[in-house]
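Overview (structure and organization)
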Amino acid sequence: MNAAVMGLRTLVLNADYQPLSWAPLSAWTWQQALVAVMQDRVTQVETYDDVLIHTARQTFEVPAVVVLKEYKKRKHVPFTRYNVFLRDEFRCQYCGAKLPANELTFDHVIPRSRSGQSSWENIVSACGPDNMKKANRTPSEAHMKLLRAPYRPTPQDLDRIARKMPLVKGELHNTWLDYLYWSAEIEA
Ligand SMILES: [Zn+2]
């Protein structure tokens, strides 16, 4: 089996045919997907053409897209750097600049030195200069205005935001596009 086949991924859709998550886009290794197909936990809706896996007894198609048989309820959103930036649409919440993750910082709205918590409700994405400028002050003390009060997002909130962010077409197999096309922007 060649390396390209080994690295194939399977798009995983919830029972409503929407990706299980948008950011990151839910995908399994094809080996995980194949096991789920055999365990009858998912339905295979697309396969990779011209790729067959032969074992001593059987031949398998490689799943490209699978759908969960049972709708999976979405749990709370983990409080991670990526998810905070995603909630804020990768924009500095003071000047509105849209920046790559490595140019964004975390700002404690109520500074840590004043007992501000590291929580969804007190952390915003900020560009370096604005973070420096604000320093150990509240936004009103620094005469800086937040674009929006920080909040705890639901999985649906993050999906809605992630769908507006372009997917990189090179990373998507063409069998996936039918399932993503209608709700996502796709960039070449
Ligand atoms: Zn800024």
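Residues numbered from 1 in each chain as written. Predicted model: local features only at pLDDT ≥ 70, side-chain atom pairs only at ≥ 80, totals over all residues.

1. Regarding the overall build of the protein
Summing up its helical and strand segments, the protein has 6 helices and 8 strands in all. Going from the N terminus to the C terminus, the protein shows its helices and strands as α-β-β-α-β-β-α-β-β-α-α-β-α-β. With the C-alpha coordinates aligned to their principal axes, the bounding extent of the protein is approximately 70 × 30 × 30 Å. Each of the 188 residues in the protein was classed as buried or not, and the buried ones make up 19%. Long-range contacts, defined here as pairs at least 24 residues apart, represent 55% of the contacts in the protein between residues at least 6 apart. (Helix = DSSP H or I, 4+ residues; strand = E, 2+ residues; numbered from the N terminus. Buried ≥ 20, exposed ≤ 12 C-beta atoms within 10 Å, placed from the backbone. Contact = placed C-beta atoms within 7 Å.)

2. Things to note about the pairing of strand β6 (residues 123-127)
Taking burial as the measure, the 5 residues of β6 include 5 buried ones, the bulk of the element. Residues of β6 alternate between two faces, with I123, S125 and C127 on one and V124 and A126 on the opposite face, all of them buried. As defined by bridge partners, strand β5 (residues 104-108) adjoins β6 across 5 bridges and the pair is classed as antiparallel. Each residue of the ladder has a partner; that of L104, found in β6, is C127. (Pairing = 2+ DSSP bridges.)

3. Structural notes on helix α2 (residues 30-38)
For α2, every residue scored as buried is listed here: W30, A33, L34 and A36. Around the axis of α2, the buried residues are gathered within 160° of arc, so they sit on the same side. Where α2 is buried, its residues touch β1 (9-13), β2 (27-29), β3 (42-54) and β4 (59-68). Looking one or two residues beyond α2, the residue adopting positive phi is D40, at roughly 65°. (Arc of directions from axis to C-beta.)

4. Things to note about the nonpolar core
Among the nonpolar cores identified, the biggest contains 16 residues, and L11, A33, V65, V66, W176 and Y179 are the most heavily contacted of them. Elements with a contribution of two residues or more to this core: β1, α2, β4 and α6 (174-180). Formed by 7 residues, the second largest nonpolar core is a distinct cluster that contains I123, V124, A126 and C127. (Core = buried A, V, L, I, M, F, W, Y, C linked by C-beta atoms within 7 Å.)

5. Section: the pairing of β3
Bridge count for β3 against β4 is 8 bridges, and the pairing is antiparallel. The residue bridging E46 from the neighbouring strand is V65, located in β4. Counting the residues between successive antiparallel strands, the hairpin from β3 to β4 contains 4 residues.

6. Points about the domain arrangement of the protein
Assigned domains within the protein: domain 1 (3-73 + 166-187) and domain 2 (81-134). Placing the centre of domain 1 and that of domain 2 at their C-alpha centroids yields a distance of 35 Å. (Domains from an automatic or database assignment.)

7. Notes on the sheet that holds β2
Ordered by their spatial adjacency, 4 strands build an open sheet running β2-β1-β4-β3, and the pairing between neighbours is mixed. Looking at which strands have only one partner, the edges of the open sheet turn out to be β2 and β3. Between one strand axis and the next, the sheet turns by 35° as a mean value, whatever way the strands run. Note: β1 against β4, 3 bridges, orientation parallel. Bridging from a neighbouring strand, L13 pairs with V67 of β4. Contacting β1, β2, β3 and β4, α2 runs over the sheet at an angle of about 85° to β4. (Axes fitted to C-alpha atoms, helices over the stretch in contact; angles between N-to-C directions.)

8. Quick notes on unusual backbone geometry
Although it is not a glycine, Y17 adopts a positive phi angle of roughly 70°. Relative to the elements of secondary structure, Y17 occurs in the loop between β1 and β2. Its identity as a non-glycine residue notwithstanding, D50 has a phi of 60°, on the positive side. If you trace the backbone, D50 turns up in strand β3. For D50, a count of 7 C-beta atoms within 10 Å corresponds to the exposed category.

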